[in-house]
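Breakdown of the fold
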Amino acid sequence: MMSLRCSSRLIRQLNKINLKNCRCYSDSSRINFMKDKLKHGPNLSEFITGSSEPILTERPNIPYLPDSIQDNLKRKVFFDVYGCQMNLNDTDIVWSILKKEGFERTKIEEEADIFLVMTCAIREGAETKIWHRLDHLRGFKRRRALSKYKNRPVKIGLLGCMAERLKEKLIEKEKAVDVVAGPDSYRDLPRLLALTDSGQTAVNVLLSLDETYADVVPVRLNQDSVSAFISIMRGCDNMCTYCIVPFTRGRERSRPIASIVDEVRHLSDQGVKEVTLLGQNVNSYRDLSGQSEKLDTHMAKGFKTVYKNKKGGLRFADLLDKVSAVDPEMRIRFTAAHPKDFPDEVLQVISERDNICKMVHLPAQSGSSAVLERMRRGYSREAYLDLVGHVKAAIPGVGLSTDMICGFCGETEEEFQETMSLMQLVDYNVAFLFPYSMREKTTAYRRYKDDVPEQVKKERHNRMVDLYRRKSQLLNEAEIGHTHLVLVESIVQKTGQILGRNELYIKVLFDQTDILSQDGGKRAVTPGDFVAVRIVGAKSSLLNGVPLYHTSIRDFYRDKSWGERYAVSL
Ligand code: 5AD
Ligand code: SF4
């Protein structure tokens, strides 16, 4: 009697919800709740209070969801990740959402029911790689359909920036693609995948003004890694004229500090030794979720934005302060940054905290003020050089990295020479160097001509790479004889050697030996250890060392400040 009453009440309630028009129609918790009620019936409090929450005693007919998702056939997902670190972290978010819905993960193609390809659209080369991968997956799908496993059809989903850029075109052109989901629609994936069961293709490429996935705890695909990524903000408002990111990832929005700090704590409890805070432009982070007395912080001298600065909220310096306080034995890194947002407060907190890596990403993009103007970067060569000097003075011994583009629209040989001279002047420890690739939708696409011939772009790119290699070789050689704090990442399978990274994110390789541990005994080195390593050899992107002793961040820096060991150049 009871169950009949409950059941009819529930069905009345469900009918009241117009699931198709309701924004939360894919709400997984509601579905899980229903599944739970179907299986176990009402709990005691629901029984006594006659709670207004729906109580299920029979399967409701939810027209938009095929049975498979409700029964959850343990479909296996294979992930393919292309592009930046942000994409790696987004894949962890996707995996967290799907895992909750009962999907499983496989690393073996043959076992997979669903292939999800996390895509990148930043340059044509990135997209070309993904088209090749899609060719392969299309063949795989066809072979499965003809095999004895044809009752387990393969589904292919394209996620991320390329999905956002090409949208429905992907389905029209690429008949093999079943799901297209942009960077802000990952919560909708279970529903999109369910739609494909009835043979439909499913697209959700809506961009959001507020989606930060703050409440989704990413499940790391690589659980063994000693380091993890945390996405602190999404989107970008800068609108550099060459860049597709504002169009594929939408407007800039920041995740509340509290949820970031919780995630850092959670990762620290799991034994993670290094987190990298991620965003397109992390140093313009602004948490507007709480009340704050703070007024605006200022930009570095000589820098401007194309958008109206938001006011108030907690800024990147506040975030660094809170995050670095969670666990003094956890290294903190951050990327990517824009040179305009390095006020003194940020530099100060980096210089004060031993566990914030003294490595600052200052993507110059070009050394020519005229090109910078066309790129709409908001600074000149001179303002950039002033900033470099300021950062070096504020954080003695700081490492610098950059992104550079050659062959941008209208770039003359003289303008390119200015990029080369900037690279001569500034000692970059790490540089990401790209030939310009025209992207549809961008301002450059509409306003300028992509007039530097491919061959010239290629040749300029080679010259930049040569210069960078020569300079980083010299910089690394200068480290010979110094002792670096190295976080051990892995043991090289072939040689048994140990691979780790120093504070500047340069790889350090050394032989396995038992070394003095902090308890006075001796022990071998394992991933996750902090080891003091004397540098004995250098290549342009690798240091060779001799391990001295096990240590910790606090012990290593107890007697010496970071800057003491380095001469301030520039
Ligand atoms: N062509 C070449 N490089 C680009 N980048 C962004 N857009 C383009 C483009 N259209 C580079 C910039 C940016 C990095 C992530 O990618 O240097 O900082
Ligand atoms: Fe692209 Fe410029 Fe935003 Fe970086 S800051 S993501 S280059 S628009």
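None of the values given here were measured: they were computed from a predicted structure.

Considering the sheet that holds strand β15 (residues 399-406)
Pairing is parallel across the open sheet formed by three strands, whose spatial order is β14-β15-β16. With partners counted over all chains shown, the strands left at the sheet margins are β14 (359-361) and β16 (430-435), one partner each. The sheet shows a mean angle of 15° between the axes of neighbouring strands, taken without regard to direction. As judged from the three bridges shared by β14 and β15, these two strands associate in the parallel manner. Pairing of H361 across the sheet is with S401, part of β15. Strands in contact with helix α18 (residues 454-477) are β15 and β16; relative to β16, the strand with the most contacts, it is inclined by about 170°.

Some points on the packing of helix α15 (residues 381-394) against helix α16 (residues 413-425)
For the pair α15 and α16, the least separation of the axes is 12 Å and the interaxial angle reads 10°. It follows that α15 is roughly parallel to α16 by the angle criterion. Touching R381, Y384 and L385 of α15 are E418, S421, L422 and L425, all from α16. A per-class count over the contact of α15 with α16 returns four nonpolar, one polar and two charged.

Concerning the nonpolar core
Ranked by size, the top nonpolar core spans 73 residues in total, and within it I232, L277, F316 and L320 carry the most contacts. Excluding anything up to four places from it in sequence, F316 contacts I232, L277, V282, N283, Y285, F334 and V346.

Section: helix α5 (residues 85-100)
For an α-helix, 3.6 residues make a turn, and residues three or four places apart therefore share a direction. Between its first and last C-alpha atoms α5 spans 23 Å; for 16 residues at 1.5 Å apiece the expected length is 22 Å, and the two agree. Of all the 16 residues making up α5, 12 are buried; the element is thus mostly covered by neighbouring parts of the structure. Taken residue by residue, α5 has M86, N87, N89, D90, T91, D92, I93, V94, W95, S96, I97 and L98 as its buried positions. Two residues or fewer after α5 comes G102, characterised by a positive phi angle close to 95°.

Considerations on the sheet that holds strand β2 (residues 104-105)
Backbone-to-backbone hydrogen bonds join strands into a sheet, with any given pair of strands oriented parallel or antiparallel. Spatially, six strands are ordered β2-β1-β3-β4-β5-β6 in an open sheet, and the strand pairing comes out parallel. Two strands in the sheet have a free side with no partner beyond their single neighbour: β2 and β6 (202-204). Examined bridge by bridge, strand β1 (residues 76-81) and strand β3 (residues 114-119) share five bridges and lie parallel to one another. Bridged to V77 within β3 is I114. Against the sheet, α5 engages β1, β2, β3 and β4 (155-160), with an angle of about 170° to β1.

Quick look at the pairing of strand β23 (residues 542-551)
One ladder, built from four bridges, connects strand β19 (residues 507-510) with β23; its direction is parallel. Bridged to K507 within β23 is L542. Bridge count between strand β22 (residues 530-538) and β23: eight bridges; the pairing is antiparallel. The residue bridging V531 from the neighbouring strand is H550, located in β23. Linkage of β22 to β23, two consecutive antiparallel strands, is achieved through a turn of three residues.

Quick look at the packing of α16 against α18
At a minimum axis separation of 10 Å, α16 and α18 run at an interaxial angle of 15°. Classified by the interaxial angle, the pair formed by α16 and α18 is roughly parallel. Handedness of the α16/α18 crossing: right-handed. Here E413, F416, Q417, T419, M420, M423, Q424 and L425 of α16 lie close against α18, whose contacting residues are R460, R463, M464, L467, Y468 and K471. Taken together, the residues of the contact of α16 with α18 sort by class into seven nonpolar, three polar and four charged.

Brief notes about the site of ligand 1
In the neighbourhood of ligand 1, the contacting residues comprise I122, R123, Y242, Q365, D403, I405, F434, P435, Y436, S437 and R439. One of the side-chain nitrogen or oxygen atoms of D403 is found 2.6 Å away from an oxygen atom of ligand 1. Surface burial for ligand 1 is 87%, taken as the share of its 400 Å² of free accessible area covered by protein chains. Broken down by secondary-structure element, the contributors of at least two residues to the shell around ligand 1 are β15 and β16.

Observations regarding the site of ligand 2
Inspection of the region around ligand 2 gives C236, N238, M239, C240, Y242, C243, V245, P246, Q280, H338 and R377 as its neighbouring residues. Residues that form the shell around ligand 2 fall into these classes: seven nonpolar, three polar and one charged.

Some remarks on the pattern of salt bridges
Summed over the entire model, instances satisfying the criterion amount to 35 salt bridges. D135 is the partner of R138 in a salt bridge, and the nearest nitrogen-oxygen pair spans 2.7 Å. Of the two residues, R138 and D135 are both situated in helix α6 (residues 124-146); the distance of three residues between them amounts to about one turn of the helix. Judged by relative accessible area, R138 falls into the partly exposed class, the value being 27%. Classification of D135 by relative accessible area gives partly exposed; the value is 40%. Residue D555 is joined to R558 by a salt bridge in which the shortest nitrogen-to-oxygen separation is 2.9 Å. Pair noted here: D555 and R558 are both in helix α19 (residues 553-558), with a separation of three residues, about one helical turn. On the basis of relative accessibility, which here comes to 30%, the residue D555 falls in the partly exposed class. Residue R558 is classed as exposed on the basis of its relative accessible area of 58%.

How each quantity is defined
Residues numbered from 1 in each chain as written. Chains lettered and ligands numbered in written order. Predicted model: local features only at pLDDT ≥ 70, side-chain atom pairs only at ≥ 80, totals over all residues. Heavy atoms only, no water. Pairing = 2+ DSSP bridges. Helix = DSSP H or I, 4+ residues; strand = E, 2+ residues; numbered from the N terminus. Axes fitted to C-alpha atoms, helices over the stretch in contact; angles between N-to-C directions. Contact = heavy atoms within 4.5 Å. Parallel < 35°, antiparallel > 145°, perpendicular 65-115°, else oblique. Nonpolar A, V, L, I, M, F, W, Y, C, P; charged D, E, K, R; others polar. Core = buried A, V, L, I, M, F, W, Y, C linked by side-chain atoms within 4.5 Å. Buried < 20%, exposed > 50% of the residue type's maximum accessible area, 1.4 Å probe, protein only. Expected span 1.5 Å × (residues − 1). Left-handed = near helix turned anticlockwise from the far one by under 90°. Near = heavy atom within 4 Å. Polar contact = N/O pair within 3.5 Å; in protein donor to acceptor, adjacent residues only side chain to side chain. Areas by Shrake-Rupley, 256 points an atom, 1.4 Å probe, with all protein chains shown as cover. Salt bridge = Lys/Arg side-chain N within 4 Å of Asp/Glu carboxyl O.

Nothing here speaks to function; it is geometry throughout.
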